[in-house]
Amino acid sequence: MKSHVWRPLFVVIGIVAAILLFRAFYVPDNFGSGEYGFMYSFHNKDNDEVWKQQPLKYRDTGKQKMHEYCGECHGGEVEIRTEDLHGTIPCENCHGPALDHPENPELLAIDRSRDLCLRCHTLLPYTTSERKRIPGIDPKEHNVDEFCVDCHNPHNPRLEDM
Amino acid sequence: MKRRDFMKKTIVVIAGASVPLSALDLIDPKEVLAANPEIHWAFLIDTYKCVGCGFCVKACKTENDIPFEANVSRTWVERYVYTKDDRRYVDSPQAAQYGFTEAKIDLGEHFGFQEIDPDNVGKAFFVPKLCNHCETPPCTQVCPVGATYKTDDGVVLVDRSWCIGCGYCIMACPFGARFFHPTEHVADKCTFCYHRITKGLETACVNACPFSARKMCNIRDINDPVTKIILNERVGVLKDEFGTRPQAFYIGLASEVR
(Lines give C-alpha, C1' and ligand atoms only; values in the text may rest on other atoms or scores of the structure.)
Protein backbone atom coordinates (compact mmCIF):
# COMPACT_ATOMS: atom_id res chain seq x y z
CA MET A 1 0.00 0.00 0.00
CA LYS A 2 1.16 3.51 -0.65
CA SER A 3 2.60 5.73 2.06
CA HIS A 4 -0.18 8.31 1.95
CA VAL A 5 -2.48 5.62 3.30
CA TRP A 6 -0.20 4.83 6.22
CA ARG A 7 0.82 8.38 7.06
CA PRO A 8 -2.41 9.36 8.94
CA LEU A 9 -2.05 6.22 11.04
CA PHE A 10 1.48 7.23 12.06
CA VAL A 11 0.22 10.72 12.90
CA VAL A 12 -2.50 9.28 15.14
CA ILE A 13 -0.04 6.93 16.82
CA GLY A 14 2.27 9.91 17.37
CA ILE A 15 -0.51 11.97 18.95
CA VAL A 16 -1.55 9.12 21.25
CA ALA A 17 2.05 8.57 22.30
CA ALA A 18 2.47 12.29 22.99
CA ILE A 19 -0.68 12.36 25.14
CA LEU A 20 0.41 9.29 27.10
CA LEU A 21 3.86 10.81 27.63
CA PHE A 22 2.36 14.13 28.81
CA ARG A 23 -0.01 12.24 31.11
CA ALA A 24 2.83 10.20 32.62
CA PHE A 25 4.60 13.39 33.66
CA TYR A 26 1.55 15.48 34.53
CA VAL A 27 -0.50 13.09 36.71
CA PRO A 28 0.97 13.03 40.25
CA ASP A 29 2.29 9.75 41.62
CA ASN A 30 -0.32 9.48 44.37
CA PHE A 31 -3.12 9.05 41.85
CA GLY A 32 -4.59 5.58 41.54
CA SER A 33 -7.72 3.48 41.48
CA GLY A 34 -9.30 1.68 44.38
CA GLU A 35 -11.70 -1.23 44.64
CA TYR A 36 -14.07 0.33 42.14
CA GLY A 37 -11.54 0.56 39.32
CA PHE A 38 -10.42 3.32 37.01
CA MET A 39 -13.91 4.30 35.89
CA TYR A 40 -15.31 5.11 39.34
CA SER A 41 -12.39 5.70 41.66
CA PHE A 42 -9.35 7.15 39.89
CA HIS A 43 -8.26 9.84 42.31
CA ASN A 44 -5.61 11.34 44.53
CA LYS A 45 -5.20 8.67 47.21
CA ASP A 46 -4.27 11.26 49.84
CA ASN A 47 -7.68 12.92 49.62
CA ASP A 48 -9.47 10.27 51.73
CA GLU A 49 -7.38 11.46 54.68
CA VAL A 50 -8.29 15.10 54.02
CA TRP A 51 -11.97 14.26 54.45
CA LYS A 52 -11.29 12.12 57.52
CA GLN A 53 -9.54 15.08 59.18
CA GLN A 54 -12.52 17.46 58.95
CA PRO A 55 -13.35 18.92 62.38
CA LEU A 56 -16.21 17.48 64.41
CA LYS A 57 -18.91 19.90 65.53
CA TYR A 58 -21.69 17.72 66.88
CA ARG A 59 -20.20 15.62 69.66
CA ASP A 60 -23.24 13.99 71.17
CA THR A 61 -23.81 10.56 69.68
CA GLY A 62 -27.55 10.67 70.14
CA LYS A 63 -29.98 8.21 71.57
CA GLN A 64 -28.17 5.13 70.28
CA LYS A 65 -25.22 5.80 72.57
CA MET A 66 -27.30 7.50 75.29
CA HIS A 67 -25.80 10.96 75.01
CA GLU A 68 -22.30 9.76 75.77
CA TYR A 69 -20.51 13.08 75.29
CA CYS A 70 -22.98 15.32 77.15
CA GLY A 71 -23.47 12.69 79.84
CA GLU A 72 -19.81 12.83 80.88
CA CYS A 73 -20.45 16.06 82.80
CA HIS A 74 -24.23 16.51 82.64
CA GLY A 75 -25.02 12.88 83.46
CA GLY A 76 -27.79 13.71 85.93
CA GLU A 77 -29.68 15.92 83.49
CA VAL A 78 -29.22 13.50 80.64
CA GLU A 79 -30.75 10.71 82.70
CA ILE A 80 -33.88 12.76 83.47
CA ARG A 81 -34.21 14.02 79.90
CA THR A 82 -34.15 10.59 78.30
CA GLU A 83 -37.23 9.75 80.37
CA ASP A 84 -39.46 12.62 79.25
CA LEU A 85 -41.47 13.36 76.13
CA HIS A 86 -38.67 15.30 74.48
CA GLY A 87 -36.13 12.64 75.43
CA THR A 88 -35.64 11.49 71.85
CA ILE A 89 -34.37 14.92 70.80
CA PRO A 90 -30.56 15.05 70.93
CA CYS A 91 -29.25 17.78 73.26
CA GLU A 92 -27.41 19.60 70.49
CA ASN A 93 -30.53 20.18 68.38
CA CYS A 94 -31.52 23.01 70.75
CA HIS A 95 -28.31 23.66 72.71
CA GLY A 96 -26.21 24.01 69.57
CA PRO A 97 -23.19 21.99 68.41
CA ALA A 98 -20.80 21.27 71.29
CA LEU A 99 -17.63 21.90 69.21
CA ASP A 100 -14.84 21.75 71.84
CA HIS A 101 -17.13 22.56 74.76
CA PRO A 102 -16.38 22.96 77.69
CA GLU A 103 -13.06 24.61 76.59
CA ASN A 104 -14.24 26.36 73.45
CA PRO A 105 -16.93 27.64 73.63
CA GLU A 106 -17.36 27.72 77.39
CA LEU A 107 -21.11 28.30 77.03
CA LEU A 108 -23.24 27.00 74.21
CA ALA A 109 -25.63 29.33 72.41
CA ILE A 110 -29.04 27.87 73.19
CA ASP A 111 -31.66 28.36 70.49
CA ARG A 112 -34.79 29.49 72.35
CA SER A 113 -36.56 30.89 69.29
CA ARG A 114 -40.17 30.17 68.35
CA ASP A 115 -38.96 28.91 64.98
CA LEU A 116 -37.12 26.04 66.60
CA CYS A 117 -40.26 24.74 68.34
CA LEU A 118 -42.37 25.36 65.23
CA ARG A 119 -40.29 22.86 63.25
CA CYS A 120 -42.36 20.14 64.88
CA HIS A 121 -45.25 21.97 66.53
CA THR A 122 -46.74 23.86 63.59
CA LEU A 123 -50.18 22.42 63.02
CA LEU A 124 -50.20 20.70 59.64
CA PRO A 125 -53.39 18.88 58.59
CA TYR A 126 -51.60 15.65 57.64
CA THR A 127 -53.55 12.86 59.27
CA THR A 128 -51.65 10.10 57.45
CA SER A 129 -48.22 11.29 58.55
CA GLU A 130 -46.42 10.66 61.82
CA ARG A 131 -46.81 14.41 62.27
CA LYS A 132 -50.37 13.81 63.52
CA ARG A 133 -48.99 12.43 66.80
CA ILE A 134 -47.28 15.72 67.64
CA PRO A 135 -49.46 18.43 69.23
CA GLY A 136 -49.50 21.43 66.91
CA ILE A 137 -50.51 25.09 67.05
CA ASP A 138 -51.20 27.75 64.44
CA PRO A 139 -48.18 30.09 64.81
CA LYS A 140 -50.24 33.05 63.55
CA GLU A 141 -52.80 32.71 66.36
CA HIS A 142 -51.09 31.05 69.33
CA ASN A 143 -49.54 33.79 71.54
CA VAL A 144 -47.82 35.60 68.68
CA ASP A 145 -44.58 37.44 69.59
CA GLU A 146 -44.04 35.42 72.75
CA PHE A 147 -41.36 32.83 73.28
CA CYS A 148 -42.63 29.28 73.70
CA VAL A 149 -40.18 28.72 76.54
CA ASP A 150 -41.78 31.54 78.56
CA CYS A 151 -44.71 29.23 79.31
CA HIS A 152 -43.62 25.74 78.23
CA ASN A 153 -40.71 23.85 79.76
CA PRO A 154 -38.91 22.14 76.89
CA HIS A 155 -37.44 19.59 79.30
CA ASN A 156 -40.85 18.68 80.67
CA PRO A 157 -43.43 19.65 78.06
CA ARG A 158 -46.46 17.93 79.66
CA LEU A 159 -49.30 20.46 79.74
CA GLU A 160 -50.56 19.22 83.09
CA ASP A 161 -47.16 20.09 84.65
CA MET A 162 -47.17 23.65 83.30
CA MET B 1 22.79 -25.93 18.60
CA LYS B 2 20.04 -27.46 16.63
CA ARG B 3 17.26 -25.31 15.29
CA ARG B 4 14.72 -27.20 17.47
CA ASP B 5 16.70 -26.48 20.69
CA PHE B 6 17.10 -22.87 19.70
CA MET B 7 13.32 -22.49 19.28
CA LYS B 8 12.62 -24.23 22.61
CA LYS B 9 15.06 -22.04 24.55
CA THR B 10 13.72 -18.90 22.88
CA ILE B 11 10.19 -19.73 24.00
CA VAL B 12 11.35 -20.44 27.57
CA VAL B 13 13.23 -17.12 27.77
CA ILE B 14 10.30 -15.13 26.36
CA ALA B 15 7.83 -16.83 28.70
CA GLY B 16 10.10 -16.14 31.68
CA ALA B 17 10.63 -12.52 30.75
CA SER B 18 6.92 -11.88 30.31
CA VAL B 19 6.07 -12.84 33.90
CA PRO B 20 5.72 -9.52 35.72
CA LEU B 21 7.73 -9.06 38.87
CA SER B 22 4.57 -8.48 40.88
CA ALA B 23 3.38 -12.03 40.09
CA LEU B 24 6.36 -13.45 41.96
CA ASP B 25 5.59 -11.52 45.15
CA LEU B 26 4.09 -13.46 48.02
CA ILE B 27 0.56 -12.31 48.80
CA ASP B 28 0.28 -10.49 52.11
CA PRO B 29 -3.15 -11.15 53.68
CA LYS B 30 -3.15 -7.67 55.21
CA GLU B 31 -2.79 -6.08 51.80
CA VAL B 32 -5.61 -8.18 50.42
CA LEU B 33 -7.85 -7.15 53.30
CA ALA B 34 -6.97 -3.51 52.81
CA ALA B 35 -7.90 -3.81 49.15
CA ASN B 36 -11.20 -5.55 49.97
CA PRO B 37 -12.37 -3.76 53.10
CA GLU B 38 -15.04 -5.29 55.23
CA ILE B 39 -16.87 -2.00 55.43
CA HIS B 40 -19.41 -0.75 52.97
CA TRP B 41 -21.59 2.12 54.14
CA ALA B 42 -25.30 2.16 53.41
CA PHE B 43 -28.17 4.38 54.47
CA LEU B 44 -31.73 3.54 55.49
CA ILE B 45 -34.57 6.06 55.49
CA ASP B 46 -37.92 5.23 57.07
CA THR B 47 -40.32 7.74 55.51
CA TYR B 48 -43.10 6.68 57.88
CA LYS B 49 -41.18 8.14 60.80
CA CYS B 50 -40.25 11.51 59.27
CA VAL B 51 -42.25 14.51 60.52
CA GLY B 52 -40.40 17.14 58.47
CA CYS B 53 -38.71 18.96 61.35
CA GLY B 54 -35.61 19.60 59.25
CA PHE B 55 -33.17 19.12 62.13
CA CYS B 56 -31.16 16.83 59.83
CA VAL B 57 -30.68 19.62 57.29
CA LYS B 58 -29.72 22.08 60.01
CA ALA B 59 -27.20 19.64 61.51
CA CYS B 60 -25.75 18.79 58.10
CA LYS B 61 -25.29 22.41 57.12
CA THR B 62 -23.69 23.26 60.45
CA GLU B 63 -21.41 20.23 60.55
CA ASN B 64 -20.21 20.62 56.98
CA ASP B 65 -20.08 24.43 56.66
CA ILE B 66 -22.73 24.82 53.98
CA PRO B 67 -24.05 28.43 54.16
CA PHE B 68 -27.64 28.67 55.39
CA GLU B 69 -28.29 31.68 53.16
CA ALA B 70 -27.48 29.81 49.96
CA ASN B 71 -30.27 27.71 48.48
CA VAL B 72 -28.11 24.56 48.27
CA SER B 73 -27.90 21.62 50.62
CA ARG B 74 -26.29 18.21 50.89
CA THR B 75 -29.49 16.76 52.27
CA TRP B 76 -33.06 17.97 52.10
CA VAL B 77 -36.57 16.95 53.05
CA GLU B 78 -39.43 16.82 50.56
CA ARG B 79 -43.12 17.14 51.43
CA TYR B 80 -45.67 15.26 49.34
CA VAL B 81 -49.31 16.30 49.57
CA TYR B 82 -52.08 14.48 47.69
CA THR B 83 -55.45 16.20 47.65
CA LYS B 84 -58.83 14.48 47.52
CA ASP B 85 -59.49 16.01 44.09
CA ASP B 86 -56.41 14.10 42.89
CA ARG B 87 -53.78 16.77 42.67
CA ARG B 88 -50.24 16.15 43.89
CA TYR B 89 -47.89 18.72 45.33
CA VAL B 90 -44.22 18.43 46.23
CA ASP B 91 -42.07 21.06 47.85
CA SER B 92 -38.92 21.54 49.88
CA PRO B 93 -38.72 25.21 50.91
CA GLN B 94 -35.02 26.08 51.37
CA ALA B 95 -34.28 22.35 51.56
CA ALA B 96 -36.48 22.33 54.72
CA GLN B 97 -33.55 23.69 56.74
CA TYR B 98 -36.10 25.44 58.99
CA GLY B 99 -38.62 22.62 58.74
CA PHE B 100 -42.14 22.96 57.36
CA THR B 101 -43.74 25.77 59.32
CA GLU B 102 -46.44 26.61 56.75
CA ALA B 103 -49.28 24.48 55.48
CA LYS B 104 -49.15 26.15 52.07
CA ILE B 105 -47.04 24.61 49.33
CA ASP B 106 -44.00 26.45 47.98
CA LEU B 107 -44.38 26.24 44.20
CA GLY B 108 -41.09 27.97 43.47
CA GLU B 109 -39.76 31.45 42.86
CA HIS B 110 -42.11 32.43 40.02
CA PHE B 111 -45.28 30.66 41.09
CA GLY B 112 -45.70 31.71 44.70
CA PHE B 113 -47.55 29.55 47.18
CA GLN B 114 -50.49 27.20 46.90
CA GLU B 115 -53.00 27.21 49.74
CA ILE B 116 -54.59 23.83 50.35
CA ASP B 117 -57.87 23.42 52.19
CA PRO B 118 -57.13 21.16 55.20
CA ASP B 119 -60.29 19.16 54.50
CA ASN B 120 -59.07 18.50 50.97
CA VAL B 121 -55.79 16.86 52.06
CA GLY B 122 -55.98 13.17 51.25
CA LYS B 123 -52.58 11.97 52.30
CA ALA B 124 -49.30 13.69 53.01
CA PHE B 125 -45.86 12.58 54.04
CA PHE B 126 -42.24 13.67 54.19
CA VAL B 127 -39.25 12.11 52.45
CA PRO B 128 -35.66 12.95 53.45
CA LYS B 129 -33.20 12.85 50.57
CA LEU B 130 -29.44 12.79 50.28
CA CYS B 131 -26.70 11.43 48.04
CA ASN B 132 -27.38 7.75 47.34
CA HIS B 133 -23.66 6.84 47.15
CA CYS B 134 -24.39 4.61 44.15
CA GLU B 135 -22.39 1.46 43.46
CA THR B 136 -21.84 2.63 39.87
CA PRO B 137 -21.97 6.40 40.27
CA PRO B 138 -22.45 8.31 37.01
CA CYS B 139 -21.04 11.45 38.65
CA THR B 140 -17.57 10.00 39.22
CA GLN B 141 -17.61 8.44 35.78
CA VAL B 142 -17.92 11.79 33.98
CA CYS B 143 -15.32 13.72 35.98
CA PRO B 144 -12.68 14.80 33.44
CA VAL B 145 -9.90 15.32 35.98
CA GLY B 146 -10.33 12.49 38.50
CA ALA B 147 -11.48 14.82 41.28
CA THR B 148 -14.51 12.82 42.38
CA TYR B 149 -14.28 9.17 43.27
CA LYS B 150 -15.68 6.26 45.20
CA THR B 151 -13.68 5.25 48.26
CA ASP B 152 -13.03 1.58 49.00
CA ASP B 153 -15.70 1.67 51.73
CA GLY B 154 -18.31 2.87 49.28
CA VAL B 155 -18.55 6.63 49.82
CA VAL B 156 -18.49 9.08 46.92
CA LEU B 157 -16.23 12.06 47.68
CA VAL B 158 -14.99 15.18 45.91
CA ASP B 159 -11.32 16.21 45.99
CA ARG B 160 -11.64 19.94 46.58
CA SER B 161 -8.02 20.67 45.68
CA TRP B 162 -8.37 18.93 42.29
CA CYS B 163 -11.93 19.87 41.23
CA ILE B 164 -11.98 22.42 38.41
CA GLY B 165 -15.67 23.28 38.92
CA CYS B 166 -16.83 22.26 35.44
CA GLY B 167 -20.16 20.98 36.75
CA TYR B 168 -20.33 17.75 34.69
CA CYS B 169 -20.97 15.70 37.83
CA ILE B 170 -23.78 18.02 38.93
CA MET B 171 -25.47 17.41 35.56
CA ALA B 172 -24.76 13.68 35.63
CA CYS B 173 -26.37 12.95 39.00
CA PRO B 174 -29.92 11.67 38.38
CA PHE B 175 -30.91 12.56 41.95
CA GLY B 176 -29.82 16.20 42.00
CA ALA B 177 -27.66 15.46 45.02
CA ARG B 178 -24.73 17.60 43.89
CA PHE B 179 -24.40 21.37 43.80
CA PHE B 180 -21.84 24.08 43.34
CA HIS B 181 -20.41 25.14 46.70
CA PRO B 182 -20.98 28.89 47.00
CA THR B 183 -17.82 29.66 48.97
CA GLU B 184 -15.41 26.82 48.14
CA HIS B 185 -16.21 27.16 44.39
CA VAL B 186 -16.09 23.42 43.75
CA ALA B 187 -18.68 20.70 43.28
CA ASP B 188 -20.00 19.56 46.64
CA LYS B 189 -22.12 16.73 47.90
CA CYS B 190 -22.97 14.57 50.90
CA THR B 191 -19.90 12.75 52.22
CA PHE B 192 -21.85 10.50 54.61
CA CYS B 193 -19.95 12.68 57.14
CA TYR B 194 -16.80 10.72 56.30
CA HIS B 195 -14.93 12.36 59.21
CA ARG B 196 -17.59 11.05 61.60
CA ILE B 197 -18.31 7.53 60.34
CA THR B 198 -14.61 6.68 60.10
CA LYS B 199 -14.33 7.59 63.80
CA GLY B 200 -17.26 5.38 64.78
CA LEU B 201 -19.78 8.23 65.11
CA GLU B 202 -23.08 8.56 63.29
CA THR B 203 -23.50 11.12 60.54
CA ALA B 204 -24.70 14.56 61.66
CA CYS B 205 -28.17 13.97 60.16
CA VAL B 206 -28.62 10.52 61.73
CA ASN B 207 -27.47 11.98 65.03
CA ALA B 208 -29.89 14.91 64.82
CA CYS B 209 -33.00 12.93 63.84
CA PRO B 210 -35.21 12.63 66.96
CA PHE B 211 -37.46 10.03 65.32
CA SER B 212 -34.81 7.62 63.94
CA ALA B 213 -36.11 8.15 60.42
CA ARG B 214 -32.52 8.08 59.23
CA LYS B 215 -30.13 5.24 59.98
CA MET B 216 -26.72 4.14 58.80
CA CYS B 217 -25.07 0.76 58.69
CA ASN B 218 -22.20 -1.28 57.39
CA ILE B 219 -24.04 -3.41 54.86
CA ARG B 220 -21.32 -6.10 54.88
CA ASP B 221 -21.95 -6.74 58.59
CA ILE B 222 -25.00 -9.00 58.57
CA ASN B 223 -25.33 -8.75 62.35
CA ASP B 224 -25.89 -4.99 62.21
CA PRO B 225 -29.56 -4.35 63.12
CA VAL B 226 -29.99 -1.82 60.31
CA THR B 227 -28.42 -4.19 57.78
CA LYS B 228 -30.94 -6.80 58.92
CA ILE B 229 -33.78 -4.40 58.11
CA ILE B 230 -32.39 -3.81 54.63
CA LEU B 231 -31.93 -7.54 54.07
CA ASN B 232 -35.20 -8.77 55.56
CA GLU B 233 -37.78 -6.04 55.08
CA ARG B 234 -39.35 -4.43 52.05
CA VAL B 235 -37.08 -1.56 51.08
CA GLY B 236 -36.77 0.29 47.82
CA VAL B 237 -34.32 2.63 46.12
CA LEU B 238 -34.88 5.77 44.08
CA LYS B 239 -34.71 5.62 40.27
CA ASP B 240 -33.77 1.95 40.08
CA GLU B 241 -34.19 2.08 36.29
CA PHE B 242 -31.08 4.26 35.98
CA GLY B 243 -28.98 1.28 37.01
CA THR B 244 -26.78 3.26 39.38
CA ARG B 245 -27.45 0.84 42.26
CA PRO B 246 -28.12 3.37 45.03
CA GLN B 247 -26.98 2.54 48.55
CA ALA B 248 -29.63 4.67 50.27
CA PHE B 249 -32.63 2.45 50.94
CA TYR B 250 -36.15 3.70 51.63
CA ILE B 251 -39.04 2.24 53.58
CA GLY B 252 -42.44 3.47 52.40
CA LEU B 253 -41.74 4.76 48.91
CA ALA B 254 -44.51 5.96 46.59
CA SER B 255 -44.33 6.11 42.80
CA GLU B 256 -44.33 9.92 42.98
CA VAL B 257 -41.13 9.83 45.05
CA ARG B 258 -38.21 9.74 42.64
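Residues numbered from 1 in each chain as written. Chains lettered and ligands numbered in written order. Predicted model: local features only at pLDDT ≥ 70, side-chain atom pairs only at ≥ 80, totals over all residues. Heavy atoms only, no water.

Moving on, we come to the sheet that holds strand S3 (residues 88–91) of chain B. Residue and element names in this part refer to chain B. Spatial strand order, S3-S2-S6: 3 strands in an open sheet with antiparallel pairing. In the strand order of this sheet, the two ends are held by S3 and strand S6 (121–129), each with one partner. Taking the axes of each pair of neighbouring strands and ignoring which way they run, one obtains an average angle of 15° across the sheet. Alignment of strand S2 (residues 76–83) against S3, held across 4 bridges, turns out to be antiparallel. Note that in S3 the partner of Tyr82 across the bridge is Arg88. (Pairing = 2+ DSSP bridges. Helix = DSSP H or I, 4+ residues; strand = E, 2+ residues; numbered from the N terminus. Axes fitted to C-alpha atoms, helices over the stretch in contact; angles between N-to-C directions.)

This part covers unusual backbone geometry. For the bond running from His101 of chain A to Pro102 of chain A, omega is 15°, close enough to zero to count as cis. For the bond from Asn104 of chain A to Pro105 of chain A, the omega torsion is 0°, close enough to zero to count as cis. Within the secondary structure, Pro105 of chain A is located in the loop between helix H5 (91–95) and helix H6 (114–121). One non-glycine residue, His133 of chain B, lies in the positive phi region at around 45°. The topology assignment puts His133 of chain B in the loop between S6 and helix H5 (138–142).

Under the domain assignment used here, chain A contains domain 1 (3–52), domain 2 (55–111) and domain 3 (112–162). A separation of 58 Å is found between the C-alpha centroids of domain 1 of chain A and domain 3 of chain A. (Domains from an automatic or database assignment.)

Before going further, it helps to spend a moment on the interface of chain A and chain B. A common way to state how big an interface is: give the accessible area lost once the parts meet. The partner chain B presents 67 residues to the 48 residues of chain A that form the contact. Buried area between chain A and chain B, both sides added, is near 4,900 Å², and the carbon and sulfur share of it is 54%. Our enumeration of links across chain A and chain B arrives at 3 salt bridges. A salt bridge links Glu35 of chain A to Arg220 of chain B; the nearest nitrogen and oxygen atoms lie 3.9 Å apart. Summed over the shared surface of chain A and chain B, the number is 25 residue pairs in polar contact (both at pLDDT 80 or more). Of all elements in the fold, only helix H2 (37–41), strand S2 (43–44), helix H3 (47–52), H5 and H6 of chain A reach the threshold of two or more residues within the side of chain A that touches chain B. Looking at the side of chain A that touches chain B residue by residue, the classes come out as 21 nonpolar, 14 polar and 13 charged. (Contact = heavy atoms within 4.5 Å. Buried area = accessible area lost by both parts, 1.4 Å probe. Salt bridge = Lys/Arg side-chain N within 4 Å of Asp/Glu carboxyl O. Polar contact = N/O pair within 3.5 Å; in protein donor to acceptor, adjacent residues only side chain to side chain. Nonpolar A, V, L, I, M, F, W, Y, C, P; charged D, E, K, R; others polar.)

Tracing the backbone shows Arg196 of chain B in helix H7 (residues 194–197). Exposure remark for Arg196 of chain B: the relative accessible area of 0% places this residue in the buried category. In terms of polar contacts, Arg196 of chain B uses its side chain to reach the backbone carbonyl oxygen of Tyr58 of chain A, at 2.6 Å. (Buried < 20%, exposed > 50% of the residue type's maximum accessible area, 1.4 Å probe, protein only.)

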